[in-house]
Protein chains: 2
Amino acid sequence: MITPVTDSIRTDNTLALIRSLRAHGAMARVDLAAANQLSSATVTSISGDLLERGIIVERPPSAQQLGHRGRPKTLIALDPDAACVITIKLSINEVRFTVGNFCGELHHSDTQAVDTLALTAEALIELLVRHIDGLSQRLAATCGPVASICLAVQGIVSPVRGSIVWSPAFALRNVDIVSPLRARFACPVQLENDANCISAAITSHPDYMAIPNLAVIMLGYGVGMAMLIDGKPYLGAHGSSAEFGHTKYEANGALCACGKRGCIEAYVSDYALYRDAHTLLPLPAGDSAHPSEEQMQALVRLAENGNPVAKQIFAKAGHVLGTGIANVLALFNPDQVLITGSGVRAYHQLAPSLDQALNDALVEELIGQTRLATYGWDHDMTCMGAIQLALKAADHRLVQLDRSKALPLA
Amino acid sequence: MITPVTDSIRTDNTLALIRSLRAHGAMARVDLAAANQLSSATVTSISGDLLERGIIVERPPSAQQLGHRGRPKTLIALDPDAACVITIKLSINEVRFTVGNFCGELHHSDTQAVDTLALTAEALIELLVRHIDGLSQRLAATCGPVASICLAVQGIVSPVRGSIVWSPAFALRNVDIVSPLRARFACPVQLENDANCISAAITSHPDYMAIPNLAVIMLGYGVGMAMLIDGKPYLGAHGSSAEFGHTKYEANGALCACGKRGCIEAYVSDYALYRDAHTLLPLPAGDSAHPSEEQMQALVRLAENGNPVAKQIFAKAGHVLGTGIANVLALFNPDQVLITGSGVRAYHQLAPSLDQALNDALVEELIGQTRLATYGWDHDMTCMGAIQLALKAADHRLVQLDRSKALPLA
C-alpha cells in the first residue's frame, strides 16, 4: 500500500514534525527544531513545504509570549482540516463510528445499535460500507478528505491478515474484514485490537511516550491489555498476545464470555460484576448480560454508600485483578502498569484488595519498582487511539504523496 | 569493560564467523562465506588473521568430502585451546564449577558441597576466588588462558548491577558479587539467571536459532523461564522478567520456596513433588526438602509402574504446569514453548493432564499455532549455556584485542 520512500531522512523528519505538532499543539519553529534535534534550516524547509500544501498553518504569537522580552515567535500548527480519519469500533450490539480531524481531535461520533451476534460477514461489511459512504459525503463539506480508516475490535484480531479471529461481539470467526473495505475505499484501512488502540491513545500522550515497558490494562465490558516493549506494541508470534483478560485466576472458576472458566475477565469485567450483583441488589432494569454505563454507575454508588454485597463484589474483583497483575509483573517486569477503561469508575472500590493481592502473591523483589497507576476515562479511549493509529497511516501517505506531488490526498 | 571498536563491520563479521564455527563445527571457507552472506575475500582475510593468532586451525578435508568429485576443500575450525571460560552455578547446598573450551565443549566440571544458606557474602566470595585461583593454575597447563567468567544463579539477579537480588540458595539478599570478582580477575565477569543460561544453550543450537519468540521453561529444583522476543532475551524493566515459577496457580495455595503461596513452582518443582510424595511412598532416604536425582528418579519409576499416588502427584503437577503455560500463551503468544531441565525426566507422566489443562484454559484461537516441545537434558544445560554466554564475552574481547594487537588475552 505504501511504497518505499528513498529520501528516507526527510520523510522521517517530516513525520516527526507532524507528530510533535499533534502531541504538543502549536509550536515555534525553533522549539520544534530543539524538540526533534533538528537544525532550524531543516525545520524551516520542511515547514515551508507543509505550509504550501495546506497541511500546517501559521499562528500569531500567543498572548503569553507577547509578555516576554525579545521578538515574539510565530507559531506553526497542524491544520485540523488538512485531512480526517474514520474509526469504527465494533462491540457487542453496537457499532461506533468516529471521525477525527488532522490534529487527532474528536470531530464527530455516532453509534448504531445492531444485533452483532446475528450478523453475517456480508451484512457486517455492507453495514460498514453504507455508513462510511454516508459519513464521507457529509464530511467532504465540513472537513478534509478521508485519509485513512481504522477498525477497533474487542477480542483476537490479526492485523497482518486483516481478519477478526474471535470476538465476543460476533458468532462469526475468522472474518476477513479489511480486504473488502480496502477494495471499496481509496485509502489505508487497518484493523486493531481495542486494547492496542488504547495503548496508542496513551502513548501519544506526552506523559507516557518515554516509558519503554508499559502494560496497559483496560477494564470495561471485557478486560483487555496492550503491552509495549521498548516503546513498541508487542503483538506476539500470531498477533494475539497480551490477552490478560483470558489468563486464569483459577481452574474451573467463573464462566467467561470466551466460553472457558476462571479467566480474569470472568470476575472483573462489567458483565461479570453485574452478573453477581443483579440477583441480590436493587439496580436499574436492562440487559444484565450487557450492562449499561447507568447500571454500572448504580452498582458503584451502592458500594460507595456502604452496601456490603456491592462492596464484597468489588473486593473480590480487586483481589482477582491484583492476582492477575502479579502474573504480569512476574512475567513482563514492566516499568509501569496503567489501568484504564470505563471500569476505572470503581477503582477506589477495587484498590484495597488489589494491593493486598499483589503483596500476597509476590516477594517484594518481584513487585520491584513497577509503578501502578490509573488513567482517567473521559472520551472513549479506544476510538481516540484508533484515531491516532489511523492518522499514523495517513501521515505516511501524506509524506509519500508529498514526494510525488502528483496525486490527490484521497 | 569493552571499549567501542570503530571498525565495526570487520568486528561484526569476525564475531559472526567465530559463532558459526562454534555452532556448526569445522567448515570450508566457501560454506562459511555463504552461511554468513559474506564474500569469499572477506572470509579469507579474516580467517588468515585468526589463523595467524592461533584462534582457528586448518583441517584436512573430511573422508566424506574426498568421495565427492571436484577438489576437496580444506576446512577451518576453532582451536579448542585458543581460550577457555569458567562458569559457576550457585544452587542450594552446591556450587558447581565448569570449564568450557573455546569450541563451547565441556572440559572440566567439579562440584563443591557447601551450606549455602549459612554463607555470608564475604565467605561466598572467598570460596569462589579460592576455587577459581586453583582452577586457573591447573588450566594454564592443559588449555588456554581463562578469557571470561560467568556466574549462573537460580532466583532473581540483576545482570546490570551484578548482584544476586534473591535466590532460594541464600539467606542473603542483594549480594554484590560481580565487582569483587572483576577486581580480582583480569577478565570479563557476568552474572545471569539460570533460566537465561539455559536459553543461551538452546539458542546456540542450530535447530532453535531462528525462532523469534521462544519461551523456555525449565523444570528442576525450581521452575524457571527465559523469554526470547525477536531472538533476544527479554529481561524486563529491572532484569527480573519471566519469573514463570512465581506466577500463581491459585491464591492461598501450596507454600513456595519464595515464601508466598500458590506459585506454579510450589506444585511442579522437584521439592514440591517430593514434599507430597515422601510421606506416602517408599522412597530413598535423604533431605526431603532438597531431593536428589536418585530420589526423583525413584518417584518417576513408581509412577511409571502404575503406583496411583505417584501418578496422581504428577497428574496434578501437569495440570498446574498446563494452566501456567496457558497464561504464557495468552500473554506472550510465542512461536514455541520449550520445556527443559532435569524435570523433563517425568514429562510422560505430566503430559496428559498438561494438555488437558491447556485445552480447558484457552479458546483454540489463543492456543493458536504455538508449538509445545521438550528438549532433552543430558549435560547440565545451565552450565552449558553459561559457557556460551562466557564465550560471547570472550569473543568480544578477542576481537577487540585483535585490533590493538598489543595486549595478551588474559
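Residues numbered from 1 in each chain as written. Chains lettered and ligands numbered in written order. Predicted model: local features only at pLDDT ≥ 70, side-chain atom pairs only at ≥ 80, totals over all residues. Heavy atoms only, no water.

Give a description of the sheet that holds strand β6 (residues 106-113) of chain B that names residues and reports values.
Think of a sheet as strands paired side by side through backbone hydrogen bonds, with each pair either parallel or antiparallel. Residues and elements named next belong to chain B. Taken together, the five strands give an open sheet; going across it, the order is β6-β5-β4-β7-β11, and neighbouring strands pair in mixed fashion. On the outer flanks of this sheet lie β6 and β11 (189-193), each paired with one strand and no other. When strand polarity is set aside, the average angle formed by the axes of neighbouring strands in this sheet is 20°. Sitting on the sheet, helix α7 (residues 194-203) is in contact with β7 (146-153) and β11, with an inclination near 100° to β11. (Pairing = 2+ DSSP bridges. Helix = DSSP H or I, 4+ residues; strand = E, 2+ residues; numbered from the N terminus. Axes fitted to C-alpha atoms, helices over the stretch in contact; angles between N-to-C directions. Contact = heavy atoms within 4.5 Å.)

Lay out the sheet that holds strand β2 (residues 56-59) of chain A with the relevant residues and their values.
All names here are of chain A. Spatially, β1-β3-β2 is the arrangement adopted by the three strands of the open sheet, whose pairing is antiparallel. Every interior strand has two partners, whereas the edge strands, β1 (27-28) and β2, have only one. Examined bridge by bridge, β1 and strand β3 (residues 75-78) share two bridges and lie antiparallel to one another. Residue pairing for β3: Met27 is matched across the bridge by Ile76.

Hey, could you go over empty space enclosed by the protein for me, with residue numbers and the actual values?
Residue and element names in this part refer to chain B. Under the definition given, this model contains five cavities of 30 Å³ or more. Taken as a whole, the largest cavity encloses approximately 200 Å³ of empty space. What lines the largest cavity is a set of 26 residues, and nearest its centre among them are Gly155, Asn193, Asp194, Ala242 and Glu243. Of all the secondary-structure elements, those providing two or more residues to the lining of the largest cavity are β8 (156-158), α7 and β13 (223-229). At five residues, β13 tops the list of elements feeding residues into the lining of the largest cavity. Considered class by class, the residues forming the lining of the largest cavity number 13 nonpolar, 10 polar and three charged. When residues are assigned to domains, the lining of the largest cavity turns out to be shared by domain 2 (84-200 + 381-404) and domain 3 (211-374), each giving three or more. (1 Å grid on protein atoms, 1.4 Å probe; cavity = no way out; pocket = protein on both sides within 12 Å on 5 of 7 lines; lining within 4 Å. Points joined across faces, edges and corners; volume = space filled by probe spheres on them. Nonpolar A, V, L, I, M, F, W, Y, C, P; charged D, E, K, R; others polar. Domains from an automatic or database assignment.)

Give a description of the side chain of Ser342 of chain A that names residues and reports values.
All names here are of chain A. In this structure, Ser342 sits in the loop between β15 (336-340) and α12 (347-361). You can call Ser342 buried: its relative accessible area is 18%. Filtering out sequence-adjacent residues up to four positions away, Ser342 remains in contact with Leu219, Gly220, Asp270, Glu293 and Trp377. (Buried < 20%, exposed > 50% of the residue type's maximum accessible area, 1.4 Å probe, protein only.)

An account of the domain arrangement of chain A is requested, with residue identities and associated values reported.
Per the domain assignment, the segments of chain A are domain 1 (8-78), domain 2 (84-200 + 381-404) and domain 3 (209-374). In this structure, domain 1 of chain A and domain 3 of chain A have C-alpha centres spaced 41 Å apart.

Break down the pairing of strand β3 (residues 75-78) of chain B for me, citing the residues and quoting the values.
Residue and element names in this part refer to chain B. By the alternation rule, side chains of β3 split into Leu75 and Ala77 and Ile76 and Leu78, which are all buried. Where strand β2 (residues 56-59) lies against β3, four bridges are found, and the strand directions are antiparallel. Residue pairing across strands places Arg59 opposite Leu75, the latter belonging to β3.

Help me get a handle on the packing of aromatic side chains, residues and values and all.
Throughout the structure, instances matching the rule amount to nine aromatic pairs over all chains. The interplanar angle of 35° and the centroid separation of 4.3 Å between the aromatic rings of Phe332 of chain A and Phe332 of chain B together place this pair among those described as tilted. With Phe332 of chain A in helix α11 (residues 308-332) and Phe332 of chain B in helix α11 (residues 308-332), this residue pair bridges two chains. Residues Phe332 of chain A and Phe332 of chain B agree in their burial class; the two are buried. Between Tyr249 of chain B and Tyr267 of chain B, the ring centres sit 5.1 Å apart and the planes meet at 70°, which makes this aromatic pair edge-to-face. One end of the pair, Tyr249 of chain B, is in the loop between β14 (232-233) and α8 (265-268); the other, Tyr267 of chain B, is in helix α8, and 18 residues separate them in sequence. Considered together, Tyr249 of chain B and Tyr267 of chain B belong to a single accessibility category, that of buried residues. Looking at Arg184 of chain B, its charged tip hangs above the ring of Phe185 of chain B, at a distance of 5.3 Å from the centre. (Phe/Tyr/Trp six-rings, centres within 6.5 Å; stacked < 30°, edge-to-face > 60°. Lys NZ or Arg CZ within 6 Å of the ring centre and 35° of its normal.)

Can you explain the confidence of the model for chain A? Please cite residues and give values.
Residues and elements named next belong to chain A. Across chain A, pLDDT averages 88, with 93% of residues at or above 70. Note on residues 1-6: pLDDT is under 50 here. Beyond four places in sequence and across chains, it has 11 contacts. Here residues 403-410 is modelled with pLDDT under 50, and outside its nearest four sequence neighbours on either side it reaches 19 contacts, counting other chains as well. (pLDDT = per-residue confidence, 0-100.)

With reference to specific residues and values, describe the state of the cysteines.
For the structure on display, the rule yields zero disulfides over all chains. Of all cysteine sulfurs, the one in Cys258 of chain B lies closest to Cys256 of chain B, which takes part in no disulfide; the gap is 3.8 Å. (Disulfide = S-S within 2.5 Å.)

Report on the relation of the copies chain B and chain A, specifying residues and quantitative values.
With an RMSD of 0.1 Å, chain B superimposes on chain A once it is rotated by 180° and translated 0.1 Å along the axis. Here the symmetry operator amounts to a two-fold rotation axis. Rotation axis and chain B: the residue whose C-alpha lies nearest the axis is Glu250 of chain B, separated from it by 3.0 Å. Comparing interface residues between copies, 100% of those in chain B also sit at the interface in chain A, which points to an isologous, same-surface contact. (Least-squares fit on C-alpha atoms with pLDDT ≥ 70 in both.)

Would you mind going over the environment of Cys258 of chain B in detail, with residue names and values included?
Here Cys258 of chain B lies in the loop between β14 and α8. For Cys258 of chain B, a relative accessible area of 9% gives the class buried. As for Cys258 of chain B and Gln297 of chain B, which are separated by 39 residues in sequence, their C-alpha atoms are 25 Å apart. Discounting chain neighbours no more than four positions away, the residues touching Cys258 of chain B are Val363 of chain A together with Trp166, His246 and Cys263 of chain B.

I'd like a rundown of the interface of chain B and chain A, residues and numbers included.
Residue-level contacts link 45 residues of chain B with 45 residues of chain A. Both sides of the chain B and chain A interface together cover about 3,800 Å² of buried area, and 59% of this is carbon and sulfur. A per-residue breakdown of the area chain B buries against chain A is headed by Leu331, Asn333 and Glu365 of chain B, which together make up 19% of the total. Across the contact surface, chain B and chain A share zero salt bridges. At the boundary of chain B with chain A, the tally comes to 12 residue pairs in polar contact (both at pLDDT 80 or more). Contributions of two or more residues to the side of chain B that touches chain A are made by β9 (163-166), β13, α11, α12 (347-361) and α13 (364-367) of chain B. With seven residues, α11 of chain B is the single largest residue contributor to the side of chain B that touches chain A. (Buried area = accessible area lost by both parts, 1.4 Å probe. Salt bridge = Lys/Arg side-chain N within 4 Å of Asp/Glu carboxyl O. Polar contact = N/O pair within 3.5 Å; in protein donor to acceptor, adjacent residues only side chain to side chain.)

Which residues make up helix α1 (residues 8-24) of chain B, and what values go with them?
Residues and elements named next belong to chain B. With 17 residues, α1 extends 24 Å from end C-alpha to end C-alpha; this agrees with the ideal 24 Å at 1.5 Å per step. For α1, the set of buried residues is Thr11, Asn13, Thr14, Leu15, Leu17, Ile18, Ser20, Leu21 and Arg22. In the stretch just after α1, Gly25 is the one whose phi turns positive, near 80°. (Expected span 1.5 Å × (residues − 1).)

Requested: an account of the side chain of Gln154 of chain A, with residues and values cited.
Structurally, Gln154 of chain A can be placed in the loop between β7 (146-153) and β8 (156-158). If near-sequence neighbours (up to four positions away) are discounted, Gln154 of chain A is found in contact with Leu90, Trp166, Ser167, Pro168, Asp194, Tyr221, Gly222 and Glu265 of chain A.

Can you lay out the packing of helix α10 (residues 293-304) of chain A against α11 of chain A for me, pointing to particular residues and giving the numbers?
Residues and elements named next belong to chain A. For the pair α10 and α11, interaxial distance at closest approach is 7 Å and the crossing angle is 105°. Classified by the angle their axes make, α10 and α11 are roughly perpendicular. On the side of α10, the interface is formed by Leu299, Val300, Leu302 and Ala303, while α11 contributes Ala310, Lys311 and Phe314. Tallied by class, residues from the contact of α10 with α11 come to six nonpolar, no polar and one charged. (Parallel < 35°, antiparallel > 145°, perpendicular 65-115°, else oblique.)

Please set out the pattern of salt bridges residue by residue, giving values where relevant.
Here the structure, examined in full by the defined rule, presents 18 salt bridges over all chains. Between Arg345 of chain B and Glu293 of chain B there is a salt bridge whose closest N-O contact spans 2.8 Å. You can see Arg345 of chain B sitting in the loop between β15 (336-340) and α12 and its partner Glu293 of chain B sitting in helix α10 (residues 293-304), a full 52 residues away along the chain. Judged by its relative accessible area of 18%, Arg345 of chain B is buried. Of the residues examined, Glu293 of chain B reaches a relative accessible area of 38% and is grouped as partly exposed. Three or more residues joined by partner-sharing salt bridges are found here, namely Arg19, Arg22 and Asp395 of chain A.

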